[in-house]
Amino acid sequence: MIKVILDKIPRWALRQVTRKCPICKNLFIDVLIDSFTKKKLASDLCNKCRVEQALFGPIVNFALTQYFDVTDEPGGMREILSDSYVRKLLQNAVSGIGKFGLRMPIVFGAPLAVTFNLTNLCNLKCPHCYQDANTSKLPTELTTQEILSIIYQLADYGVIGMLFGGGEPLMHKDIYKILRFTRKLGMFANLSTNGTLITEKVAKKLKETGLSRVSISLDGLGETHDKMRGKSGIFDRTVNGIKHCKAVGIETGIAITLSKYNVNEIPDIVEFAKELNLDGVLLNHFVPVGRGKNSVDLDVTPEEREDVLRYFYKELVRVSNTGVGVECFSGGAPYYARIAYQTHVENGRKVIPVSMQTVSSITRRINLHPHYEQKFWDLFYRFAPFIGACTIATSYSCIDPEGNVWPCTLIPMPIGNLRTEKFADIWEKHPLLNALRDRKNIKGPCRDCKFYTCRGCRARPFAYKDDLFESDFACLECRRRLEIE
């Protein structure tokens, strides 16, 4: 039904409503939403915006009222659509269809999130580091002013949030200034850190910046974590950092990099996260890039990865059904979406979309009336097939400490530099990104797989075979199809 409606809307109309007014610089889609929410009357608009409102306002009102009751009560639709995060999500979806056409998965007009690795400096030397970070800065790292300029450019383009990493981002001398600036622009700001530098004082300073969330790497319990971090005593320092963040009220989660060291400890780590009352667990997957090229033996087997992902999805469903526990998500393994489908849809039950990770992070930050929360999720289930499990070239990008744009954090392949190029030009015009957006360019089983939102991880074949478009042989479904063929 949704695809039918969207297919009937001309792309020129979608591009038109997501442009900026040449007179007052308002986004036309904001004007149309303001009309729906009654936030701005026609008398408050310039002449150009009044014309746009008259032409496209009835279409927007019709589309929205098909799925939601209109109400002015607290947490109702008018209040929801007044929220900046929801607006940006809607703007990105509409502008993406206007720019790239209706695809499955959808390509957003601007990335929903961008990882910005601020520095190569790090106080640890982990064997699996994708960036080969160490105690030295790169010779040509961006200045703070250049970083702020890039963040402003991304905010203006429509990016919803920034994920700040390193190296170790807390070693950047202006990290608090960067976080405050990002929040001032209305973007969410997440910090990815090893947690060892987070004292009580640092946690309080982070809280004062308005930081949205901190994700702290925890790759095992006790000696296992120390082994992954290349130094003894790190586990205790990491846990203390977690506790300091929780104590000041920062939304806090942990990130686990799955490896041979911890594959049998995953349930214990999740239980430990529950004991700490954390807000989420993210499972990352080791890919041999950066310093990790020297530690290929850290990778787990496809069977081991499958077992861990099925355990993670079981936990996700349990928390969704009971509201008790810690949400478990996975990055770098798009077949998590395939597991969700096989677990639910093939058994006649409604799937819990793994893309719920992004959506739930937004809904947590808005006042959502219970009645509309259910309506929201019902609508999201309909949109789930349009949201790709692998976000490369569709809703995510990465910037390194020198201003190079990478397709993904785990694909250190510069496709442009923001010292000399605009991010919008790279996102919309770079041939590699456009090639990645076309499923037909993928080779082997991943190209024709029925689990079309997956597409496989592009970083893994790049690391092992130096080919971004090869099938992802870490997926059991891919291996099964190869055996049949």
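The following refers to the structure shown. Just so you know, these numbers come straight off a predicted model, no measurement behind them.

1. Let's talk about the nonpolar core
Counting 94 residues, the largest nonpolar core has F116, L154, F164, L206, I254, I266 and F312 as its most contacted members. In terms of residue count, the dominant contributor to this core is helix α7 (residues 144–157) (7 residues). Setting aside residues no more than four positions away along its own chain, I266 makes contact with I256, L258, L283, V308, Y311 and F312. If you look at the next biggest cluster of nonpolar residues, it comprises 17 residues, including F36, L81, A93 and I160.

2. Quick word on empty space enclosed by the protein
Tallied over the full model, the rule gives 1 cavity of 30 Å³ or more. Considering only enclosed or pocket space, the largest cavity measures out at about 90 Å³ in volume. Lining the largest cavity are 13 residues, and of these C446, C449, C454, G456 and C475 sit closest to its centre. Contributing elements (two or more residues each) for the lining of the largest cavity: α14 (335–344), α19 (445–448) and α21 (476–484). Taken together, the residues of the lining of the largest cavity sort by class into 8 nonpolar, 1 polar and 4 charged.

3. What to know about the layout of surface pockets
Looking at the second largest pocket, its volume works out to about 730 Å³. The wall of the second largest pocket is formed by 22 residues, among which K20, L27, D156, Y157 and G158 lie closest to the centre. Sorting the residues of the lining of the second largest pocket by element identifies α6 (84–100) and α7 as the ones contributing at least two each. The leading source of residues in the lining of the second largest pocket is α6, at 7 residues. Its residues placed into classes, the lining of the second largest pocket shows 5 nonpolar, 8 polar and 9 charged.

4. Regarding the packing of aromatic side chains
The description of two aromatic rings rests on the distance between their centres and on the angle between their planes. Tallied over the full model, the rule gives 7 aromatic pairs. Taking the centre distance of 6.1 Å and the plane angle of 70° together, the rings of Y157 and F423 count as edge-to-face. Here the residue Y157 occupies a position in helix α7, and F423 occupies one in helix α17 (residues 423–429), the gap between them amounting to 266 residues. The exposure classification of Y157 matches that of F423, with both residues buried. Measuring from ring centre to ring centre gives 6.0 Å for F235 and F272, while their planes differ by 35°; the resulting arrangement is tilted.

5. Overview of the pattern of salt bridges
Two side chains that carry opposite charge are able to pair once their charged atoms sit near each other. All told, the structure shown has 20 salt bridges when counted by the stated rule. D299 is the salt-bridge partner of R305, the closest N and O atoms lying 2.8 Å from each other. Look at R305 and you get buried, because its relative accessible area is 1%. Its relative accessible area of 11% is what places D299 among the buried residues. In this structure, E306 and R338 form a salt bridge, with 2.6 Å as the shortest nitrogen-oxygen distance. Note that E306 is positioned in helix α13 (residues 302–322) and R338 in helix α14, a separation of 32 residues in sequence. The pair E306 / R338 is uniform in exposure class, with both members buried. One salt-bridge network, held together by shared partners, links E271, K274, E315 and R318.

6. Considering the side chain of E251
Topologically, E251 is positioned in the loop between α11 (234–247) and β5 (252–258). At a separation of 2.5 Å, a polar atom in the side chain of E251 contacts the side chain of R213.

7. Some details on unusual backbone geometry
Here the residue pair G166 and G167 is connected by a cis peptide bond, since its omega of 10° sits within 30 degrees of zero. Inspection of the secondary structure assignment puts G167 in the loop between β2 (161–165) and α8 (175–184). A positive phi angle, near 60°, is found at D132, a position not held by glycine. Take D132: it is sitting in the loop between β1 (113–117) and α7. Its relative accessible area of 37% is what places D132 among the partly exposed residues.

8. Thoughts on helix α3 (residues 28–37)
Of all 10 residues in α3, 8 are buried, a share of seventy percent or more. When α3 is considered as a whole, its buried residues turn out to be F28, I29, V31, L32, I33, D34, F36 and T37.

9. Comments concerning the pairing of strand β3 (residues 188–193)
The side chains of a regular strand alternate between the sheet's two faces. The element β3 is largely enclosed, with a buried count of 5 among its 6 residues. Pairing analysis gives 4 bridges linking β2 to β3, with the strands arranged parallel. The partner of M162 across the bridge, within β3, is A189. The parallel pair β2 and β3, bridged by α8, forms a crossover whose chirality is right-handed. Relative to strand β4 (residues 213–217), β3 runs parallel, the two sharing 4 bridges. From the neighbouring strand, N190 faces β4, where its bridge partner is R213. Once you follow β3 into helix α9 (residues 200–209) and on to β4, the crossover reads as right-handed.

10. So, α7
In this model, α7 (14 residues) spans 20 Å end to end at C-alpha, consistent with the 20 Å of a helix rising 1.5 Å per residue. Considered for burial, the residues of α7 that qualify are T144, I147, L148, I150, I151, Q153, L154, A155 and Y157. Buried residues in α7 make contact with α6, β1, β2, α8, β8 (396–399) and α17. Note on α7: the residue one or two positions beyond its end, G158, has a positive phi of about 115°.

11. Focus: the packing of helix α12 (residues 266–275) against α13
For the pair α12 and α13, interaxial distance at closest approach is 10 Å and the crossing angle is 30°. What the angle tells us is that α12 and α13 run roughly parallel. Read as a crossing pair, α12 and α13 show a hand that is right-handed. Every residue of α13 that contacts α12 at I266, P267, V270 and K274 is listed here: V308, Y311, F312, E315 and R318.

12. Regarding the environment of E146
Inspection of the secondary structure puts E146 in helix α7. Given a relative accessible area of 26%, E146 falls into the partly exposed group. Spatially, the C-alpha atom of E146 lies 9.9 Å from that of E402, the residues being 256 residues apart in sequence. Side chain to side chain, E146 and R419 meet in a polar contact 3.0 Å long.

Criteria and cut-off values
Residues numbered from 1 in each chain as written. Predicted model: local features only at pLDDT ≥ 70, side-chain atom pairs only at ≥ 80, totals over all residues. Heavy atoms only, no water. Core = buried A, V, L, I, M, F, W, Y, C linked by side-chain atoms within 4.5 Å. Buried < 20%, exposed > 50% of the residue type's maximum accessible area, 1.4 Å probe, protein only. Helix = DSSP H or I, 4+ residues; strand = E, 2+ residues; numbered from the N terminus. Contact = heavy atoms within 4.5 Å. 1 Å grid on protein atoms, 1.4 Å probe; cavity = no way out; pocket = protein on both sides within 12 Å on 5 of 7 lines; lining within 4 Å. Points joined across faces, edges and corners; volume = space filled by probe spheres on them. Nonpolar A, V, L, I, M, F, W, Y, C, P; charged D, E, K, R; others polar. Phe/Tyr/Trp six-rings, centres within 6.5 Å; stacked < 30°, edge-to-face > 60°. Salt bridge = Lys/Arg side-chain N within 4 Å of Asp/Glu carboxyl O. Polar contact = N/O pair within 3.5 Å; in protein donor to acceptor, adjacent residues only side chain to side chain. Pairing = 2+ DSSP bridges. Right-handed = clockwise from strand over helix to strand, strands pointing away. Expected span 1.5 Å × (residues − 1). Axes fitted to C-alpha atoms, helices over the stretch in contact; angles between N-to-C directions. Parallel < 35°, antiparallel > 145°, perpendicular 65-115°, else oblique. Left-handed = near helix turned anticlockwise from the far one by under 90°.

All we've got here are geometric facts, nothing functional implied.
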